[in-house]
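# A structural walkthrough
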Amino acid sequence: MDTWHNKQWIENKDIVRNVTWGLKYDFYNGENNINNVNASTSQNWVNASHDSSVYQAQANLVRHVVQSLGQHHNLVWEVANEAMDHQGDYARWQAQLADLITQTELQADLPRHLVIPRDIVDHEHTPGHWDDPITQVHAELTATFNTSVSPTLADNDCCFDPDTPTYRLQRAWAVLTAGAQADCLDDALRNLTALSSADAQAGMAFVGNTRAFLDNTQIPFSMRGMHPADHLIDNGWCLARTPSGNDPASWPTTETFIVFLVAGGSTSFDANVVPASGTCRALWFNARNAKFIATNATLSAGRSVFSAPSTDTEWILLVQNH
C-alpha cells in the first residue's frame, strides 16, 4: 500500500517530472471504482475495522497478491510505504494487514516470509543511499550491519537520475558484500521509451546477474549467517561465513567468502584462514556476462593469492573452504 499520497490529500503536482498524484486519483476513492468503496479521508483509508468496505477491499488485494506471488522464496513483504503516522489508526491498520499476510501464507501452505509492517522511518535517508559513491555506500552499510539488528536496506527513494549501467552494477555488489539488500527505484522507467532503452536493459541485466551468482550450482552456498569481513583480504570487499561465538558446535562446517573487485587484479587471504590448496575451492564470476571461471590460489609470503582473469572489468571471487 502506498500511503505517501495521503500527505497530499487532494492533489499534488511535480512539474519537474510532469506527474500528478493524490487521493483524487486513488482507486479507493469512490469516484474511481464501481465497488461502493470510498476512502474520503485519511482515516477512512486506514480504518482497520473488518466492517469497513475500504479495509475489506484492501484485505482482498493483500490475499490475492500473497496467493499469486507467495510461492517465490526471495520475497520480503512490506505493508505500507511512508505511512503518515506509526501510531494510532495507522499502526493498527499496518499490524492487522501484516498478520493477514502471515495468515494467508499459512492457510495456502506457502513458504513463510519476513513481513515488515511499516516502512523504515525516513527511508530516503538510510545508509547506502542511491547516487552516493559506491565506496561510501559500502562503508555506510557495513557500519550499519555491525551495529544494528534491523534489516539493512540500501534505499534510493526520491532519486530521479537513472545513473549508468556501470554504476548500477558496482552498487549492486558493493551492497551485497556489505550484507545488505538493494532497493533500485528508477523513476524514469515509468516511461516506456526509457524502460526499453539499451541503457536500462543493460543496467537491469547487470543487477540481475547477482541472482545468477547466488544460484550457481558449481559451488552451491547459502548467505545465511554471512557478514561483512573486509579485514580478511588486502584488496576489495568481502562477505564471509566464518566461525563466530564461543560455541564450536554452532560453527559452520564450510567457510564461504565472496569478494568484489571493482577492476579485477588480485586479492589475498592469510593462508591460515584460506589455504592455497587442499580443502579450498574457488570460482571467478564475471559481473558483466555472468560467466564462471574455475581458479586456484598461489601461495606467496604466507598468503593465498587469487588473481582475476583480467583488470578491465568487475570480478567476484567465490571461495569455499571445507
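In this text the structure is predicted, and so the values were computed from the model without any measurement. (Residues numbered from 1 in each chain as written. Predicted model: local features only at pLDDT ≥ 70, side-chain atom pairs only at ≥ 80, totals over all residues. Heavy atoms only, no water.)

## Quick look at the side chain of T295
As for its position among the elements, T295 is in strand β12 (residues 292-295). Using a relative accessible area of 14% as the deciding quantity, one classes T295 as buried. Engagement of the side chain of T295 in a polar contact is seen with the side chain of W284, the distance being 3.4 Å. If near-sequence neighbours (up to four positions away) are discounted, T295 is found in contact with A282, L283, W284, F306 and L317. (Helix = DSSP H or I, 4+ residues; strand = E, 2+ residues; numbered from the N terminus. Buried < 20%, exposed > 50% of the residue type's maximum accessible area, 1.4 Å probe, protein only. Polar contact = N/O pair within 3.5 Å; in protein donor to acceptor, adjacent residues only side chain to side chain. Contact = heavy atoms within 4.5 Å.)

## Examining the layout of surface pockets
Approximately 280 Å³ is the volume found for the second largest pocket. In terms of lining residues, the second largest pocket is bounded by M1, L61, V62, V65, V66, W77, E78, V79, A80, N81, L97 and I101. For the lining of the second largest pocket, the elements supplying multiple residues, two or more each, are α2 (53-69), β3 (76-78) and α3 (88-107). Broken down by element, the lining of the second largest pocket gets its largest block of residues, four residues, from α2. Here the lining of the second largest pocket is built from residues that sort into ten nonpolar, one polar and one charged. (1 Å grid on protein atoms, 1.4 Å probe; cavity = no way out; pocket = protein on both sides within 12 Å on 5 of 7 lines; lining within 4 Å. Points joined across faces, edges and corners; volume = space filled by probe spheres on them. Nonpolar A, V, L, I, M, F, W, Y, C, P; charged D, E, K, R; others polar.)

## Structural notes on the nonpolar core
In terms of nonpolar packing, the biggest core is built from 26 residues, with L141, W173, F213, I258 and I316 touching the most fellow members. Contributions of two or more residues to this core are made by α4 (134-147), α5 (165-176), α7 (198-214), β8 (237-241), β9 (255-261), β11 (280-286) and β15 (315-321). It is α5 that contributes the most residues to this core, six residues altogether. Not counting residues up to four positions away in its chain, the partners in contact with L141 are P127, G128, T152, A154, V175, A178 and A180. Judged by nonpolar contacts, the second largest core, of 23 residues, contains A48, V62, W93 and L97. (Core = buried A, V, L, I, M, F, W, Y, C linked by side-chain atoms within 4.5 Å.)

## Brief notes about the packing of α4 against α5
Where α4 meets α5, the axes come as close as 9 Å, and the angle between the chain directions of the two elements is 20 degrees. Between α4 and α5, the interaxial angle falls into the category roughly parallel. When you trace α4 past α5, the crossing you get is right-handed. In this structure, α4 uses I134, V137, H138 and L141 to contact α5, whose residues at the interface are Y167, Q170, R171, A174 and V175. Each residue belonging to the contact of α4 with α5 can be placed in one class, and the counts come to six nonpolar, two polar and one charged. (Axes fitted to C-alpha atoms, helices over the stretch in contact; angles between N-to-C directions. Parallel < 35°, antiparallel > 145°, perpendicular 65-115°, else oblique. Left-handed = near helix turned anticlockwise from the far one by under 90°.)

## Some thoughts on the packing of α5 against α7
In helix packing, the relevant descriptors are the interaxial angle and the interaxial distance, both defined with respect to the helix axes. Packing of α5 against α7 brings their axes to within 8 Å, and their N-to-C directions diverge by 25 degrees. Looking at the two axes, α5 sits roughly parallel to α7. For the pair α5 and α7, the crossing hand works out as right-handed. Facing P165, R168, L169, A172, W173 and L176 of α5, the residues of α7 in contact are D199, A200, A202, G203, F206, V207, N209, T210, F213 and L214. Within the contact of α5 with α7, the residues separate by chemical class into eleven nonpolar, three polar and two charged.

## Overview of unusual backbone geometry
The residue D109 is not glycine, and still its phi comes out positive at about 55 degrees. Tracing the sequence through the fold places D109 in the loop between α3 and β4 (114-116). Positive phi, normally seen in glycine, also occurs at A301, with a value near 50 degrees. With respect to the helices and strands, the residue A301 is situated in the loop between β13 (298-300) and β14 (303-307).

## Quick look at the sheet that holds strand β10 (residues 266-270)
On the basis of which strands lie adjacent, the open sheet formed by three strands has the order β10-β14-β13 and antiparallel pairing. Edge positions in the sheet fall to β10 and β13, since each of these pairs with one other strand and no more. For this sheet the average axis-to-axis angle between neighbouring strands, irrespective of direction, equals 35 degrees. Taken together, the five bridges between β10 and β14 define a ladder with antiparallel strand orientation. What sits directly across from T267, in β14, is F306. (Pairing = 2+ DSSP bridges.)

## Points about the pairing of β9
With seven of seven residues buried, β9 is to be regarded as a mostly interior element. Covered by surrounding structure in β9 are E255, F257, V259 and L261 together with T256, I258 and F260, the residues of both alternating faces. Here five bridges tie β8 to β9, and the two strands are oriented antiparallel to one another. Bridging from a neighbouring strand, C238 pairs with V259 of β9. Bridge count between β9 and β15: seven bridges; the pairing is antiparallel. Note on β15: the bridge partner recorded for V259 is L317.

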